[in-house]
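Below are the chains, spelled out letter by letter.
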Amino acid sequence: MTTYFNYPSPALQEELKNIANAIVAHGKGILAADESVATIGKRFDDIGVENTEENRRTYRQLLFTADERLGKTISGVILFHETLYQKSDDGTPLVKLIQDKGILPGIKVDKGTVNLFGAEGEESTTQGLDDLDKRCAQYKKDGCQFAKWRCVLKIGKNIPSYQAILENANVLARYASICQANGLVPIVEPEVLPDGDHDLDRAQKVTETVLAFVYKALNDHHVFLEGTLLKPNMVTAGQSCSTKYTPEQVAAATVTALQRTLPAAVPGVTFLSGGQSEEDASVHLNAINQYPGKKPWALTFSYGRALQASTLKAWSGKAENVKAGQEELIKRAQVDCL
């Protein structure tokens, strides 16, 4: 094993570090508005809105035209490819609406999960590496400052397997390296799903193991950690677990898992909401920040549903409800930043 390698140039290190630190600035978090066409379709179904490109544009316009209070709580927005190139009613690019609020645009760059052949159960890996370098270069030119890539691991009788943990860790490391080469801060997202009946202890041990593999892979690929962010699951029991745990217990398991695996060089953690209700995601994030002990990283949010569920319901696809939807978005963001 060679110990001769290169980190990014000093200028690129500084650029990446500044972007990462801006995203996890005190009292701010990320709005994850990168739902795929299929996923946003499910959200629209719940409110009786047809899943068309125009309705998707109109809804994202609602999010990005919220008043200046949005920029006081949201530091970055993760976009879907389609949204990056859409315009508002008056012809302003949606990405410019974000930038004008002092919010950093980011982009989802993975192309979804595929089954991991030969693995036990329904394990997966994430695709999209082949043309990632070319796409990252273009996204940087088009105004994006960071990227997101999601890998998924499931807890079951014999899973996650060594094969799945190792493969997904290496995919995340390769993605992170390519992003940094193109001036994008990679948000590393190894999500351990809450599906199942496992208890909190099992969830913590799996999360610790997954994160240990991820940071070994990032080290092997010589990724500049100061210019990265982690987007993990909070450590929660399976959704079918009969035992109900307190926010303090969730916080203890989550912080302990991070203390054991996450290098202090990483500027921050932007938790995903992982199917939690808006209220649970806010309560758990607060408990994590209140938990005593060493926490050398910023601990904030990168929420999709937990910021948008009430917004979608208030809007319901009606033009006269745009302001009501925006108020819900701002209210949820303010609560998460307390």
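Residues numbered from 1 in each chain as written. Predicted model: local features only at pLDDT ≥ 70, side-chain atom pairs only at ≥ 80, totals over all residues. Heavy atoms only, no water.

### Considerations on the pairing of strand β1 (residues 29-33)
Item 1. Along β1, 5 of the 5 residues are buried, which leaves the element largely enclosed by surrounding structure.
Item 2. With 2 bridges connecting them, β1 and strand β10 (residues 298-303) associate as parallel partners. When the sheet's bridge partners are listed, leucine 31 is paired in β10 with tyrosine 303. (Buried < 20%, exposed > 50% of the residue type's maximum accessible area, 1.4 Å probe, protein only. Helix = DSSP H or I, 4+ residues; strand = E, 2+ residues; numbered from the N terminus. Pairing = 2+ DSSP bridges.)

### Comments concerning helix α10 (residues 247-261)
Item 1. Here α10 contains 15 residues, and its C-alpha end-to-end distance of 21 Å stays within 8% of the 21 Å for a straight helix at 1.5 Å per residue.
Item 2. Considered for burial, the residues of α10 that qualify are Val250, Ala251, Ala253, Thr254, Val255, Thr256, Ala257, Leu258 and Thr261.
Item 3. The inward-facing, buried residues of α10 contact α9 (200-220), β8 (229-230), β9 (268-271), α11 (278-290) and β10. (Expected span 1.5 Å × (residues − 1). Contact = heavy atoms within 4.5 Å.)

### As for the pattern of salt bridges
Item 1. Throughout the structure, instances matching the rule amount to 22 salt bridges.
Item 2. A salt bridge links aspartate 100 to lysine 96, with the shortest nitrogen-to-oxygen separation between them at 2.9 Å.
Item 3. Looking at aspartate 100, the relative accessible area reads 53%, which means it is exposed.
Item 4. One salt bridge in this structure joins aspartate 131 and arginine 135, with 3.0 Å as the shortest N-O distance.
Item 5. Three or more residues joined by partner-sharing salt bridges are found here, namely Asp34, Lys148, Arg150, Glu189 and Glu191. (Salt bridge = Lys/Arg side-chain N within 4 Å of Asp/Glu carboxyl O.)

### Re helix α12 (residues 305-315)
Item 1. Among the residues of α12, those classed as buried are Ala306, Leu307, Gln308, Thr311, Leu312 and Trp315.
Item 2. Remark: serine 316 follows α12 within two positions and exhibits a positive phi of approximately 55°.

### Re the nonpolar core
Item 1. Counting 99 residues, the largest nonpolar core has Leu31, Phe64, Ile74, Val77, Tyr175 and Leu258 as the members making the most contacts within it.
Item 2. Of all the elements, helix α8 (residues 162-181) adds the most residues to this core, at 10 residues.
Item 3. Apart from the residues lying within four places of it in its own chain, the contact partners of valine 77 are Leu31, Ala33, Phe64, Ile98, Ile103, Leu104, Pro105, Gly106 and Phe146. (Core = buried A, V, L, I, M, F, W, Y, C linked by side-chain atoms within 4.5 Å.)

### A look at the side chain of glutamine 308
Item 1. Note that glutamine 308 resides in helix α12.
Item 2. Using a relative accessible area of 2% as the deciding quantity, one classes glutamine 308 as buried.
Item 3. Look past the residues within four positions of glutamine 308 in its chain and what remains in contact with it is Leu31, Ala32, Ala33, Glu35, Tyr59, Leu63 and Glu278.

### Considerations on unusual backbone geometry
Item 1. Cis geometry marks the peptide bond from isoleucine 159 to proline 160; its omega dihedral reads 10°.
Item 2. Inspection of the secondary structure puts proline 160 in the loop between β6 (146-153) and α8.
Item 3. Although it is not a glycine, histidine 222 adopts a positive phi angle of roughly 60°.
Item 4. Positionally, histidine 222 belongs in the loop between α9 and β8.
Item 5. For histidine 222, a relative accessible area of 27% puts it in the partly exposed group.
Item 6. Located in the positive-phi region is serine 316, a residue other than glycine, with phi close to 55°.
Item 7. Mapped onto the elements, serine 316 comes out in the loop between α12 and α13 (322-337).

### Looking at the pairing of strand β2 (residues 74-79)
Item 1. Along β2, 6 of the 6 residues are buried, which leaves the element largely enclosed by surrounding structure.
Item 2. With 5 bridges joining them, β1 and β2 adopt parallel strand pairing. Across the sheet, residue isoleucine 30 finds its bridge partner in β2, namely glycine 76.
Item 3. Of the pairings in the sheet, the one linking β2 to strand β3 (residues 104-108) comprises 4 bridges and is parallel in character. By the bridge assignment for β3, leucine 79 is matched with isoleucine 107.

Purely geometric numbers; function is a separate question.
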